[in-house]
Amino acid sequence: MVKKGRVFSGARPTGRQHLGNLLGAIQNYVALQDEYDCVYCVVDLHALTTLQDTHLLRSNTYEMVLDWLSAGMDPDKSIIFVQSHVPQVTELHTILSMVTPMGWLSRLPTFKEKVRQQPDNVNYGLLGYPVLMAADIALYRADTVPVGEDQVPHLEFTREIVRRFNSQFGQVLVEPQPKLTATPRIMGLDGVHKMSKSLDNHIEIAATPEEIQKRVMTMVTDPARRYRSDPGNPDICNVHILHQIFSRTPGRTDEIAHACRHAGIGCVEHKREFARDLAEALAPLRERRAEFERDPDRIWDILADGARRAGEIADQTMGEVKEAVGLP
Ligand code: TRP
């Protein structure tokens with residue numbers, strides 16, 4: 001099959017993935033695999049810009065890739081690898097940094113945000129973060145980059161750097177297009193903040209049915225509904241919103257919503273049903289995960305093969321880049 005083009009996406013190694021990761025990124029990565037030639041990267045170097053616990057990089061990479069593969073990302077279809085295993089990206093980063101005006105970097109909202117978050121660690125790598133991201137995308141000649149809203153400024157930046165490089169040195173690099181992923185904002189157990197591991201308001205996709213049940217029982221529902229006899233508002237209930245995604249029975253969540261509005265079902269009862277459905281929906285992922293866990297080396301073998309394949313593309317790009325720039 002002729003593919004539509006090349007997709008590149010990177011994700012920081014955050015360890016075990018949660019429902020927000022699954023619905024916001026992973027499912028999309030899986031879906032793109034048949035239509036595009038996909039390159040998926042664990043951006044461990046990017047993680048160094050903000051990470052204190054660098055000793056966790058290895059296990060976080062392993063756990064994240066394990067979840068990726070369990071969810072259907074397929075090394076036979078896509079290149080799945082670790083950023084630092086193909087060091088050419090750091091070379092391209094250096095070359096691209098020479099066509100990057102400092103002002104562009106310091107004005108990026110993402111940089112300003114990081115400065116606010118970690119005022120005691122405003123390192124040079126943090127400023128150069130978008131240059132490294134541009135190097136990722138350009139090195140693998142991606143024309144399509146699936147991103148969420150928050151990464152749009154970085155993608156725009158990448159396009160500008162690619163244009164500047166090409167106008168100075170010739171048409172060598174590919175200008176990528178963002179592919180905005182229309183995913184609902186998945187809220188955490190608190191129902192207020194976006195689901196995130198750092199807020200500990202998440203449900204892991206590898207969670208056991210018991211763990212799922214435990215987490216779901218702590219979920220915040222309609223805060224105005226105080227008693228079982230009060231009518232509830234399912235539209236603002238996070239249990240209902242997530243249940244609509246993971247329900248196993250067509251029409252069932254409409255029934256529950258109706259019952260909720262008339263105090264015909266209680267939050268506890270609804271949570272039990274949602275937890276059961278979620279555990280069932282995630283069962284195939286858990287089974288595949290267990291399968292991979294039987295051979296821990298397999299993940300590293302897959303990543304080594306991915307790095308080899310990514311390295312071939314990288315070598316070709318770097319050959320052309322160096323020649324265009326005039327490096328002897
Ligand atoms: N900056 C991205 C994030 O924080 C991760 C990333 C690094 C990336 N390189 C990339 C995303 C290249 C898309 C393409 O999520």
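Residues numbered from 1 in each chain as written. Predicted model: local features only at pLDDT ≥ 70, side-chain atom pairs only at ≥ 80, totals over all residues. Heavy atoms only, no water.

## So, the overall build of the protein
Short version of the rule: Helix and strand definitions follow DSSP, with helices as H or I runs of at least four residues and strands as E runs of at least two, each counted in order from the N terminus. Computation of the radius of gyration draws on C-alpha atoms, with the globule rule given as 2.2 Å multiplied by the number of residues to the power 0.38. Burial classes: relative accessible area under 20% of the type maximum marks a residue as buried, over 50% as exposed, and values in between as partly exposed (1.4 Å probe, protein chains only). Only heavy atoms enter the contact rule, under which two residues are in contact if any of them lie within 4.5 Å. Areas reported here follow the Shrake-Rupley algorithm with a probe of radius 1.4 Å; residue values treat only the protein chains shown as occluding. Charged residues are defined narrowly, with Lys and Arg counted positive, Asp and Glu counted negative, and His plus the chain ends left uncounted. Positions of charges follow a simple convention, taking NZ of Lys, CZ of Arg, CG of Asp or CD of Glu.
Counting its regular elements, the protein contains 14 helices and five strands. Here the C-alpha radius of gyration of the protein, 22 Å, is about what a compact globule of 328 residues would show, namely 20 Å. Along the first, second and third principal axes, the C-alpha atoms of the protein reach 80 × 45 × 40 Å. Every one of the 328 residues in the protein was classed for burial, and the buried ones make up 48%. For the protein, long-range pairs separated by at least 24 residues make up 77% of all intrachain contacts whose partners lie at least 6 apart in sequence. Accessible surface, the protein as shown: approximately 16000 Å² in total, 52% of it carbon and sulfur. For the protein, the distance from the average site of its 38 positive side-chain charges to the average site of its 44 negative ones is 4 Å.

## With respect to the site of the ligand
Note the threshold: Nearness here has a simple test: a residue counts as near a molecule or strand if at least one of its heavy atoms is within 4 Å of that partner. Identification of polar contacts relies on pairs of N or O atoms within 3.5 Å, with a donor-acceptor requirement for protein atoms, meaning one able to donate a hydrogen and the other able to accept it, and with residues adjacent in sequence counted only if both atoms are side-chain atoms. Any residue outside Ala, Val, Leu, Ile, Met, Phe, Trp, Tyr, Cys, Pro, Asp, Glu, Lys and Arg is labelled polar, Gly included; the first ten of those are nonpolar and the last four are charged.
All residues adjacent to the ligand are Phe 8, Ser 9, Gly 10, Arg 12, Val 43, His 46, Tyr 129, Met 133, Asp 136, Ile 137, Val 145 and Gln 151. Note that a nitrogen atom of the ligand is positioned 2.7 Å from one of the side-chain N or O atoms of Tyr 129. When the ligand is considered free in solution it has 360 Å² of accessible area, and contact with the protein chains removes 92% of it. Within the residue set of the shell around the ligand, elements represented by two or more residues are strand S1 (6-11) and helix H7 (124-139). With four residues, H7 is the largest single contributor of residues to the shell around the ligand. Considering only residue class, the shell around the ligand consists of six nonpolar, four polar and two charged.

## So, helix H12 (residues 267-281)
The cut-off we apply is this: Here, expected helix span is obtained from the residue count minus one, scaled by 1.5 Å.
Look at H12: 21 Å from first C-alpha to last across 15 residues, which is about the 21 Å you get at 1.5 Å a residue. Among the residues of H12, His 270, Lys 271, Glu 273, Phe 274, Ala 275, Asp 277, Leu 278, Ala 279 and Ala 281 are the ones counted as buried. Next to the buried residues of H12 lie helix H1 (19-32), helix H9 (209-217), helix H10 (238-246), helix H11 (252-261) and helix H13 (283-293).

## Some thoughts on the domain arrangement of the protein
What counts, and what does not: How far each domain reaches was decided by an automatic or database domain assignment.
Split into domains, the protein comes out as domain 1 (6-186 + 295-325) and domain 2 (209-281). With centres defined by C-alpha atoms, the gap from domain 1 to domain 2 works out at 37 Å.

## Here we look at the packing of H10 against H12
If you want to describe how two helices pack, look at the angle between their axes and the distance between the axes. The test is simple: Axis lines are fitted through C-alpha atoms, for helices just across the contact stretch, and the angle between N-to-C directions can take any value from 0 to 180 degrees. Less than a right angle of anticlockwise turn of the near helix away from the far helix marks a crossing as left-handed, whereas a clockwise turn marks it as right-handed.
At a minimum axis separation of 10 Å, H10 and H12 run at an interaxial angle of 35°. The handedness of the crossing between H10 and H12 comes out as left-handed. Taken together, the residues of H12 that come into contact with H10 (itself represented by Val 239, His 240, Leu 242, His 243 and Phe 246) are His 270, Lys 271, Glu 273, Phe 274, Asp 277, Leu 278 and Ala 281. Class assignment of the residues belonging to the contact of H10 with H12 gives a composition of six nonpolar, three polar and three charged.

## Digging into the packing of aromatic side chains
As a reminder of what qualifies: Here the aromatic set is Phe, Tyr and Trp, taking the six-membered ring for Trp, and pairing holds for ring centres within 6.5 Å; pairs whose planes are under 30 degrees apart are stacked, those over 60 apart are edge-to-face, and all others are tilted. Charge over a ring is defined by NZ of Lys or CZ of Arg lying within 6 Å of the ring centre and within 35 degrees of the ring normal.
Enumeration according to the criterion identifies seven aromatic pairs in this entry. When the ring of Tyr 62 is compared with that of Trp 300, the centres are 5.9 Å apart and the planes differ by 35°; the resulting orientation is tilted. Here Tyr 62, found in helix H3 (residues 57-70), pairs with Trp 300, found in helix H14 (residues 297-325); they are 238 residues apart in sequence, far enough to count as distant. Considering the side-chain rings of Phe 165 and Phe 169, the 4.9 Å spacing of their centres and the 50° angle between planes classify their relative orientation as tilted. A residue pair is termed a helical-turn pair when its members lie 3 or 4 positions apart in one helix, as Phe 165 and Phe 169 do in helix H8 (residues 152-169) at four residues. By relative accessible area, which is 24% here, Phe 169 ends up partly exposed. Of the aromatic side chains, those joined through ring pairs into one cluster are Phe 8, Phe 81 and Tyr 140. Lying across the ring of Trp 300, Arg 58 places its NZ or CZ 4.2 Å from the centre.

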